[in-house]
Amino acid sequence: QVQLVESGGGLVQAGGSLRLSCAASGSIFSINVMGWHRQAPGNERELVASITGGGGTNYADSVKGRFTISRDNTKNTVYLQMNRLKPEDTAVYYCNADLRRSGSYYWDDYWGQGTQVTVSS
């Protein structure tokens, strides 16, 4: 059983910072791309940032220059450092990973349960 667990969400004032963490656990052989998506009330889920196994990154235009995605492959963990937060960043943030389970020949996409980020004015 593979599980992704997010942490680090919370309430912060505009201009503040938060760091989200997502740890993948279970019988994992390898993890390829990891990323963060978010979903605000009434909106569809959107990509925030992603990072390849080699460290290549991709960001939504709305967060470029403010957010930084990183990963620690020894811990199967991906991070999202969020700086200069805006009220528009308020959403549930979801971690995802493209990974191969131990004993499996296939790569599958897994999702965490989400963590709430609320930015006040």
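Residues numbered from 1 in each chain as written. Predicted model: local features only at pLDDT ≥ 70, side-chain atom pairs only at ≥ 80, totals over all residues. Heavy atoms only, no water.

## Let's talk about the side chain of Arg66
Here comes step 1: Looking at where Arg66 falls in the secondary structure, it is placed in the loop between strand S6 (57–59) and strand S7 (67–72).
Here comes step 2: The residues contacting Arg66, other than those within four sequence positions of it, are Gln81, Met82, Asn83, Arg84, Leu85, Lys86 and Asp89. (Helix = DSSP H or I, 4+ residues; strand = E, 2+ residues; numbered from the N terminus. Contact = heavy atoms within 4.5 Å.)

## Let's talk about unusual backbone geometry
Here comes step 1: Despite not being glycine, Asn76 has its phi angle at roughly 50 degrees, a positive value.
Here comes step 2: Assessed through its relative accessible area of 26%, Asn76 is described here as partly exposed.
Here comes step 3: A positive phi angle is found at Arg84, which is not glycine, with a value near 50 degrees.
Here comes step 4: A residue is classified by how much of its surface remains accessible, and Arg84, at 47% relative accessible area, is partly exposed. (Buried < 20%, exposed > 50% of the residue type's maximum accessible area, 1.4 Å probe, protein only.)

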